[in-house]
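Okay, here's what each chain looks like letter by letter:
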Amino acid sequence: MDLGVKGKTAIVAAASEGIGRAIAFGLAVGGARVVICGREPVPLEKTAEEICALTRSEVLAIPADVSRPDDVRRLVELAAMAFGELRILVNNAGGSPPGGVEETTDTQWEAAFEQDLLSTIRLSREVIPHMRRVRGGRIIHVMSTSIQQPIDGPILSDAVRGAVVGLAKTMANELGRDGITVNTVCPGRILADGFREVADDQAVREGNSLDECLKAAEREIPLRRYGRPEEVASLVVFLASEAASYITGTTIHVDGGLANRVI
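On a predicted model such as this, the values are computed, not experimentally measured, just so you know.

*Asks:* Break down the layout of surface pockets for me, with residues and values.
*Replies:* Of the volumes computed, that of the second largest pocket is approximately 170 Å³. For the second largest pocket, the full set of lining residues is Gly18, Arg21, Ala22, Phe25, Gly26, Pro229, Glu230, Ala233, Ser234 and Val237. Residues that form the lining of the second largest pocket fall into these classes: five nonpolar, three polar and two charged.

Okay, structure coming up:
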């Protein structure tokens with residue numbers, strides 16, 4: 001199915017591995033020109049080479065830490081120089097370290113704020129003028145189901161990522177007149193490095209093995225299995241497509257039915 005992303009340029013943050021990598025790959029399969037960033041140059045370049053080899057799409061790897069304003073500006077500038085129009089932005093960042101309210105320091109709160117909220121604001125702010133020039137675009141924030149159903153342990157992510165959802169709704173209202181859609185995707189228990197770290201922390205706190213913790217968590221999911229990064233990517237690619245042109249301001253969970261909510 002042609003979703004209408006062919007030839008469009010997409011920036012995918014934190015795309016060296018896991019969900020970000022799967023999203024970049026999914027967009028490239030659809031024919032998009034993909035700009036990926038990550039903190040570590042070697043795995044980032046390896047990912048770019050693999051995506052390019054498997055999809056034959058153009059992939060540009062730019063080392064960048066999205067929590068740094070200068071890196072964000074450089075990322076968008078180089079993407080525009082390489083490919084011209086910027087049509088798709090996927091705001092994605094690694095999770096913050098686990099910890100409860102009492103042991104979490106101000107420095108850790110500030111780092112989480114920079115990484116998860118300010119990176120989203122800065123990247124969006126840099127890309128929006130490019131989208132306005134072409135009268136349209138897609139902005140997708142990748143967050144977590146914890147924004148509606150907090151997870152014990154990662155209080156930094158629970159709190160800061162929740163703010164992104166409010167930001168996204170306001171952005172959708174503000175940018176709709178320019179043909180720019182803004183949506184939030186919330187992965188649940190996806191078998192990627194970030195989830196394993198949270199599960200390992202929970203296992204230590206509960207005095208159980210990691211294997212016991214993983215099996216117990218899996219039983220809580222209505223579909224009785226963990227998700228795959230590719231399953232999150234499928235939704236993100238759809239929201240980036242022409243097929244999703246009338247969807248904006250939404251928050252959609254990819255969690256196998258885990259979150260206990262009616263709406």
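*Asks:* Talk me through empty space enclosed by the protein; I want residue IDs and the actual numbers.
*Replies:* A full pass over the atoms with the stated rule returns one cavity of 30 Å³ or more. The calculated volume of the largest cavity comes to roughly 40 Å³. Lining the largest cavity we find Asn91, Asn92, Ala93, Asp116, Ser119, Thr120 and Met143. Here the element with the most residues in the lining of the largest cavity is helix H4 (residues 106-133); it accounts for three residues. Considered class by class, the residues forming the lining of the largest cavity number two nonpolar, four polar and one charged.

*Asks:* Quick one: what's the story with unusual backbone geometry, residue by residue and with numbers?
*Replies:* Of note, Arg56 is a non-glycine position whose phi angle comes to about 65°, a positive value. Here Arg56 shows up in the loop between helix H2 (41-55) and strand E3 (59-63). For Arg56, a relative accessible area of 72% translates into the label exposed. The phi angle at Arg135 is positive, at roughly 55°, despite the residue not being glycine.

*Asks:* Describe the side chain of Lys8, naming the residues involved and giving the relevant values.
*Replies:* Along the chain, the position of Lys8 falls in the segment before strand E1 (9-12). A polar atom in the side chain of Lys8 sits 3.2 Å from the backbone oxygen of Gly4. When near neighbours in sequence (up to four residues on either side) are disregarded, Lys8 contacts Ala32, Arg33, Arg87, Ile88 and Glu242.

*Asks:* Before we move on, could you go through the state of the cysteines and cite the residues and values that matter?
*Replies:* Across all of its chains, the model carries zero disulfides by this definition. The thiol sulfur of Cys37 is not disulfide-bonded, and the nearest other cysteine sulfur, from Cys52, lies at 18 Å. Given a relative accessible area of 1%, Cys37 falls into the buried group.

*Asks:* Outline the packing of helix H1 (residues 18-29) against H2, listing residues and values.
*Replies:* The interhelical angle for the contact between H1 and H2, taken along N-to-C directions, is 30°, at an axis separation of 10 Å. Looking at the two axes, H1 sits roughly parallel to H2. Judged by the twist between their axes, the crossing of H1 over H2 is right-handed. Within the contact between the two elements, H1 uses Arg21, Ala24, Phe25, Ala28 and Val29 and H2 uses Thr47, Glu50, Ile51, Leu54 and Thr55. Tallied by class, the residues present in the contact of H1 with H2 amount to six nonpolar, two polar and two charged.

*Asks:* Tell me about helix H7 (residues 210-219), and name the residues and values.
*Replies:* When H7 is considered as a whole, its buried residues turn out to be Cys213, Leu214 and Ala217. Considered in projection along H7, the buried side chains sweep an arc of 95° and stay on one side of the axis.

*Asks:* Would you mind going over the pairing of E3 in detail, with residue names and values included?
*Replies:* A regular strand places its side chains so that they alternate between the two faces of the sheet. Judged from the five bridges that link them, strand E2 (residues 33-38) and E3 form a sheet pairing that is parallel. When the bridges of E3 are listed, Val35 appears paired with Leu60.

*Asks:* Can you lay out the side chain of Asp116 for me, pointing to particular residues and giving the numbers?
*Replies:* Here Asp116 is to be found in helix H4. Asp116 sits in the buried class, given a relative accessible area of 1%. Apart from residues lying up to four places away in sequence, Asp116 is in contact with Ala93, Gly94, Ser96, Met143, Ser157, Val160, Arg161 and Val164.

Reading the values: rules and limits
- Residues numbered from 1 in each chain as written.
- Predicted model: local features only at pLDDT ≥ 70, side-chain atom pairs only at ≥ 80, totals over all residues.
- Heavy atoms only, no water.
- 1 Å grid on protein atoms, 1.4 Å probe; cavity = no way out; pocket = protein on both sides within 12 Å on 5 of 7 lines; lining within 4 Å.
- Points joined across faces, edges and corners; volume = space filled by probe spheres on them.
- Nonpolar A, V, L, I, M, F, W, Y, C, P; charged D, E, K, R; others polar.
- Helix = DSSP H or I, 4+ residues; strand = E, 2+ residues; numbered from the N terminus.
- Buried < 20%, exposed > 50% of the residue type's maximum accessible area, 1.4 Å probe, protein only.
- Polar contact = N/O pair within 3.5 Å; in protein donor to acceptor, adjacent residues only side chain to side chain.
- Contact = heavy atoms within 4.5 Å.
- Disulfide = S-S within 2.5 Å.
- Axes fitted to C-alpha atoms, helices over the stretch in contact; angles between N-to-C directions.
- Parallel < 35°, antiparallel > 145°, perpendicular 65-115°, else oblique.
- Left-handed = near helix turned anticlockwise from the far one by under 90°.
- Arc of directions from axis to C-beta.
- Pairing = 2+ DSSP bridges.

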